[in-house]
Amino acid sequence: MEKLVIALGGNALQEAGKPATAESQLDVVEKTSEYIADIIEAGYGVIVAHGNGPQVGRIVLQNEYATAITPSMPFDVCGAMSQGYIGYHIQQGLSKVLAKRGINKQVATVVTQVVVDKNDPKFINPSKPIGPFYTEDEAKAIASEKGYTMKEDAGRGWRRVVASPMPVEIVELDAVKCLVDNGFITVTVGGGGIPVIKNADGNLEGTAAVIDKDLASEKLAEDLDADALVILTAVENVCINFGKPNQKTLSVLDTTEAKKYIAEGHFAPGSMLPKIEAAVKFVESKPGRRSIITSLDKAVEALKGVAGTTIK
């Protein structure tokens, strides 16, 4: 049985134009679960990873606006909260769909810590915006009071920014392996994992950072010796010259071509670029591995090589 790590994008959890309620998210997750069930029914072993951008952002907002009533939680704790409730929704949605199809498999979520290097250069110049917008005066006051790094965000106001370091080690990897080896569909490294650093005593402590979920999924896929990394997003194929008259759809891409297109700036940072970087890293980690980037509804076809973009 081929083992797949599936990295779900934001569209798998939240639908544009729909309210950002728990009920709405669960409804979207149930629809997403039908596609995951298709993959399971096709005979693949599945491990699920996911993003958490909008969800953790809302948790941070709730914390910030409620500080007069209850102390706000640090960002790593907010990340853990998002892992818990997104995992819970995937457990509910996917279990419901599998039961309807007569597939006797259990779904389990692991609240997952991911070690990052405290000396990662991205900590020197944090750039990942999180949380609400502020005026310049409000931002300066918050920076002074809490020690946050605040930056102006594309003319829309000021926001807190944190680092986006590389994943180094998945702390709960053995627990994930145990679940996977015993037939559980496992949800892990949600939102890229809860970022933790090793302190002077060798103990782990949370840090304010955002690990890219595609790069964390790649690390997971390597460590689990998966056969394929499947990155599911809002588009069916990777394209170059995206949105231009000479846009070109890519069905198959080798790593040399991918690196050339990265260098030429074809892929947007924070969007397609980390997906391509993760795909290339996984493919190059061991002979015979492949990465797929496609949309939810084309996943099974992409695994058969008749849709999506395959990186070899």
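Our structure's up above, just so we're on the same page.
Since the structure is predicted, the reported quantities are computational estimates derived from the model, not experimental observations. (Residues numbered from 1 in each chain as written. Predicted model: local features only at pLDDT ≥ 70, side-chain atom pairs only at ≥ 80, totals over all residues. Heavy atoms only, no water.)

Undergrad: Even after reading the chapter, I still don't get the overall build of the chain, so can you show me in this structure?
TA: A count of helical and extended segments in the chain gives nine helices and 17 strands. Taking 312 residues into account, the globule formula puts the C-alpha radius of gyration at 20 Å, and the chain, at 19 Å, falls close to it. Residues classed as buried in the chain amount to 49% of the 312 residues present. Residue pairs in contact within the chain that sit at least 24 positions apart in sequence constitute 72% of those at least 6 positions apart. Between the centroid of the 33 positive side chains of the chain and the centroid of its 39 negative side chains there is a distance of 3 Å. (Helix = DSSP H or I, 4+ residues; strand = E, 2+ residues; numbered from the N terminus. Rg over C-alpha atoms; globule rule 2.2 N^0.38 Å. Buried < 20%, exposed > 50% of the residue type's maximum accessible area, 1.4 Å probe, protein only. Contact = heavy atoms within 4.5 Å. Lys, Arg positive; Asp, Glu negative; His and termini not counted. Charge placed at Lys NZ, Arg CZ, Asp CG, Glu CD.)

Undergrad: Please clarify how helix α6 (residues 213-223) should be interpreted in this entry.
TA: The α-helix advances 3.6 residues per turn, and as a result positions three or four apart in sequence lie on the same side. Burial analysis of α6 places nine of its 11 residues in the buried class, the great majority of the element. If you check which residues of α6 are buried, you get K213, D214, L215, A216, S217, E218, K219, L220 and A221. Residues of α6 that are buried make contact with β1 (3-8), β2 (45-50), β8 (169-170), α5 (173-181), β12 (228-233) and α8 (272-285). Two or three places before D214, at the opening of α6, D212 has a side-chain oxygen 2.9 Å from that residue's backbone nitrogen. Two residues or fewer past α6, D225 is found with a positive phi of approximately 55°. (Polar contact = N/O pair within 3.5 Å; in protein donor to acceptor, adjacent residues only side chain to side chain.)

Undergrad: How should I be thinking about the sheet that holds strand β7 (residues 158-162) in this particular structure?
TA: Sheet strands line up and pair through hydrogen bonds in the backbone, either parallel or antiparallel. In spatial order, the strands read β5-β7-β6; together these three strands make up an open sheet with antiparallel pairing. The open sheet has two edge strands, β5 (128-134) and β6 (149-152), and neither has a second partner. Between one strand and the next, the sheet's axes are offset by a mean angle of 40°, whatever the strand orientation. In terms of strand pairing, β6 meets β7 through four bridges, oriented antiparallel. Looking across to β7, one finds that M150 is bridged to R160. Most of the contacts of helix α4 (residues 136-146) go to β5, to which it runs at about 120°, and overall it touches β5, β6 and β7. (Pairing = 2+ DSSP bridges. Axes fitted to C-alpha atoms, helices over the stretch in contact; angles between N-to-C directions.)

Undergrad: Got a minute to help me understand the sheet that holds strand β3 (residues 107-109) in this structure?
TA: Spatially, eight strands are ordered β3-β9-β2-β1-β12-β16-β17-β15 in an open sheet, and the strand pairing comes out mixed. Two strands in the sheet have a free side with no partner beyond their single neighbour: β3 and β15 (252-253). Packing of helix α3 (residues 75-100) onto the sheet brings it into contact with β1, β2, β3 and β9 (185-187), and relative to β3 it is tilted by some 175°. Strands in contact with α8 are β12, β16 (290-295) and β17 (309-311); relative to β16, the strand with the most contacts, it is inclined by about 155°.

Undergrad: Please clarify how the packing of helix α1 (residues 22-41) against α3 should be interpreted in this entry.
TA: Relative placement of two packed helices is described by the angle separating their axes and the distance separating the axes. Direction vectors running N to C along α1 and α3 enclose 50°, while the axes themselves pass 8 Å from each other. It follows that α1 is oblique to α3 by the angle criterion. The hand of the α1/α3 crossing is right-handed. Within the contact between the two elements, α1 uses A22, Q25, L26, V29, E30, S33, E34, I36, A37 and I40 and α3 uses Y85, I86, H89, I90, Q92, G93, L94, K96, V97, L98 and K100. Looking at the contact of α1 with α3, its residues break down into 12 nonpolar, five polar and four charged. (Parallel < 35°, antiparallel > 145°, perpendicular 65-115°, else oblique. Left-handed = near helix turned anticlockwise from the far one by under 90°. Nonpolar A, V, L, I, M, F, W, Y, C, P; charged D, E, K, R; others polar.)

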